[in-house]
Amino acid sequence: MSEQTRHELRIVDLHVNVDDKPIVKGLTLTVRSGEVHGLMGPNGSGKTTLAFALMGHPRYTIESGQVLLDGEDVLSMSPDERARKGLFLAFQYPAEVQGVTVASFLRTAVNAVRGGDGKEVSIAEFQRLLREKMELLEMDRSFAGRYLNEGFSGGEKKRNEMLQMAILQPRIAVLDETDSGLDIDAIKIVARAVNSLRGPGFGALIITHYQRILRYIEPDYVHVMMDGRIVRSGGKELAEELEEKGYEWLRQQLADQSVAR
Ligand SMILES: Nc1ncnc2c1ncn2[C@@H]1O[C@H](COP(=O)(O)OP(=O)(O)OP(=O)(O)O)[C@@H](O)[C@H]1O
Ligand SMILES: [Mg+2]
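Residues numbered from 1 in each chain as written. Chains lettered and ligands numbered in written order. Predicted model: local features only at pLDDT ≥ 70, side-chain atom pairs only at ≥ 80, totals over all residues. Heavy atoms only, no water.

A.B. asks: What exactly am I supposed to notice about the packing of helix α3 (residues 102-114) against helix α4 (residues 123-136) here?
C.D. replies: The relative placement of two packed helices is expressed as an angle between their axes plus a distance between the axes. The N-to-C vectors of α3 and α4 enclose an angle of 115 degrees; their axes lie 11 Å apart at closest approach. Classified by the interaxial angle, the pair formed by α3 and α4 is roughly perpendicular. Crossing of α3 against α4: the hand is right-handed. Side by side, α3 and α4 meet where Ala-103, Leu-106, Arg-107, Val-110 and Arg-114 of the first sit next to Ile-123, Glu-125, Phe-126, Leu-129 and Leu-130 of the second. (Axes fitted to C-alpha atoms, helices over the stretch in contact; angles between N-to-C directions. Helix = DSSP H or I, 4+ residues; strand = E, 2+ residues; numbered from the N terminus. Parallel < 35°, antiparallel > 145°, perpendicular 65-115°, else oblique. Left-handed = near helix turned anticlockwise from the far one by under 90°. Contact = heavy atoms within 4.5 Å.)

Right, here's the structure in full:
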């Protein structure tokens, strides 16, 4: 088998402001293909802000720091370019797109990401890919003909987003998961989509509140974000420990450490 190229998303000392207020305050994290990272943290610690900054949302100002994908400066790329380079970002609140069906949206997305140089995906190939991935995610065929996100339930939006990820096959995916509002089936769908892509060519950063989703997607690393920074990193046992003891336990530990220093 030919050696698969490894990929790397490197975030270095990132500072992000929202309306002049510092929210992400010096975050450093590297996600390589072949790895799944969980990012946890209390409400308001800056997790979604990090995801929006990675997406290139204009409201989120990068004050300083670097984001590199395979050594290339992500922050100077347009959102489209980020996607073409293999970055996939899924959000807590996907938007409705009027008059566009799921299938046609996905086909446009695939061609935007994989196309270029006239290598557009043929209709037959796209149909095959769509069928395969819809089966994987246990989606009804009629779903492909519905208008994007129009009247979708929370779980359907999530399935649609995961279908998009499974079809685009990104190098590095950043998923911001609310957990709340997702029933256990939806969580399993997210897990199935991530696990189906898992391998040497794919890496993921899964942002979550609870350890729940990480039971289905076993992370290689778990990080805890507080007040805009990563304050603790470990293996999957860190998520279990937090679930059991809560963030207050970690806050106390960090306070004790800083007193001892
Ligand atoms: N667009 C915005 N306008 C105003 N404040 C914002 C905006 N986006 C983020 N913030 C503020 O930044 C802080 C961090 O928010 P963020 O959504 O990144 O936290 P989070 O870690 O994702 O929280 P949660 O776990 O609740 O999803 C909060 O105090 C929030 O109010
Ligand atoms: Mg959030």
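A.B. asks: I'm lost on the packing of aromatic side chains in this one. Help?
C.D. replies: The geometry of an aromatic ring pair is captured by the separation of the ring centres together with the interplanar angle, meaning the angle of the planes. Inspection of the entire model under this criterion finds 2 aromatic pairs. When the centroid spacing of 4.9 Å and the interplanar angle of 40 degrees are considered together, the rings of Phe-143 and Phe-152 count as tilted. With respect to class, Phe-143 is no different from Phe-152; both count as buried. (Phe/Tyr/Trp six-rings, centres within 6.5 Å; stacked < 30°, edge-to-face > 60°. Buried < 20%, exposed > 50% of the residue type's maximum accessible area, 1.4 Å probe, protein only.)

A.B. asks: Would you explain the pattern of salt bridges in this entry?
C.D. replies: Oppositely charged side chains can form a pair if their charged atoms are brought close together. Inspection of every chain in the model, using the stated rule, returns 16 salt bridges. The salt bridge involving Glu-8 is made with Arg-32; its shortest N-O contact spans 3.3 Å. With Glu-8 in strand β1 (residues 8-18) and Arg-32 in strand β2 (residues 21-32), this residue pair connects regions lying 24 residues apart in the sequence. Classification of Glu-8 as partly exposed rests on a relative accessible area of 24%. Between Lys-85 and Glu-72 there is a salt bridge, with the nearest N and O atoms lying 3.3 Å from each other. Of this pair, Lys-85 sits in the loop between α2 (79-84) and β6 (87-90) while Glu-72 sits in strand β5 (residues 72-73); the two residues are 13 residues apart in sequence, bridging distant segments of the chain. On the accessibility criterion, Glu-72 (38% relative accessible area) is partly exposed. Where salt bridges share partners, they join Glu-8, Arg-10, Arg-32 and Glu-35 into one cluster. (Salt bridge = Lys/Arg side-chain N within 4 Å of Asp/Glu carboxyl O.)

A.B. asks: Is there a simple way to explain the sheet that holds strand β7 (residues 172-176) in this structure?
C.D. replies: In spatial order, the strands read β6-β7-β8-β3-β9-β10; together these 6 strands make up an open sheet with mixed pairing. Since the sheet does not close on itself, it has two edges, and those belong to β6 and β10 (229-234), each with one partner. Taken pair by pair, the neighbouring strands of this sheet meet at an average axis angle of 20 degrees, ignoring direction. Across 4 bridges, strand β3 (residues 36-40) lies against strand β9 (residues 221-226) in parallel orientation. The residue of β9 that forms the bridge with Met-40 is Val-224. (Pairing = 2+ DSSP bridges.)

A.B. asks: Can you help me understand the side chain of Lys-47 in this one?
C.D. replies: Position of Lys-47 relative to the elements: it lies in helix α1 (residues 47-55). Despite being buried, Lys-47 has no salt bridge partner; Asp-176 is the closest side chain of opposite charge, sitting 6.9 Å away. (Lys, Arg positive; Asp, Glu negative; His and termini not counted.)

A.B. asks: I tried to follow the site of ligand 1 on my own but got confused; where do I start?
C.D. replies: Around ligand 1, 15 residues are found, and the nearest of them are Asn-43, Lys-47, Thr-48, Thr-49 and His-209. For ligand 1, an oxygen atom lies 2.7 Å from a polar atom in the side chain of Asn-43. In the environment of ligand 1, an oxygen atom lies 2.6 Å from a nitrogen or oxygen atom belonging to the side chain of Lys-47. For ligand 1, whose accessible area on its own is 630 Å², the fraction buried by protein is 68%. (Near = heavy atom within 4 Å. Polar contact = N/O pair within 3.5 Å; in protein donor to acceptor, adjacent residues only side chain to side chain. Areas by Shrake-Rupley, 256 points an atom, 1.4 Å probe, with all protein chains shown as cover.)

A.B. asks: Just checking my understanding: could you explain the environment of Tyr-210 for this structure?
C.D. replies: Along the chain, the position of Tyr-210 falls in the loop between β8 (203-207) and α7 (212-216). Here Tyr-210 falls in the partly exposed class, since its relative accessible area comes to 42%. With 29 residues separating them along the chain, Tyr-210 and Ala-239 place their C-alpha atoms 7.9 Å apart.

A.B. asks: Teacher, can you tell me more about the packing of α3 against helix α5 (residues 154-168) here?
C.D. replies: Orientation of α3 relative to α5, taken along the N-to-C sense of each, is 35 degrees, at an axis distance of 10 Å. In this structure, α3 crosses over α5, and the sense of that crossing is right-handed. Contacts from Val-102, Phe-105, Leu-106, Ala-109, Val-110, Val-113 and Arg-114 in α3 reach Asn-160, Leu-163, Gln-164, Ile-167 and Leu-168 in α5. Here the contact of α3 with α5 is composed, by residue class, of 9 nonpolar, 2 polar and 1 charged. (Nonpolar A, V, L, I, M, F, W, Y, C, P; charged D, E, K, R; others polar.)

A.B. asks: Just to check I follow, could you spell out the sheet that holds β5 for this structure?
C.D. replies: To summarise the sheet geometry, strands pair through backbone hydrogen bonds and adopt either a parallel or an antiparallel arrangement. Taken together, 4 strands build an open sheet; the order of strands is β2-β1-β4-β5 and the sheet is antiparallel. With one partner strand each, in any of the chains shown, β2 and β5 form the two edges of the open sheet. Here 2 bridges tie strand β4 (residues 60-69) to β5, and the two strands are oriented antiparallel to one another. Its bridge partner being in β5, Leu-68 is matched across the sheet by Asp-73. Against the sheet, α1 contacts β1, β2 and β4, and its axis sits at roughly 110 degrees relative to β1.

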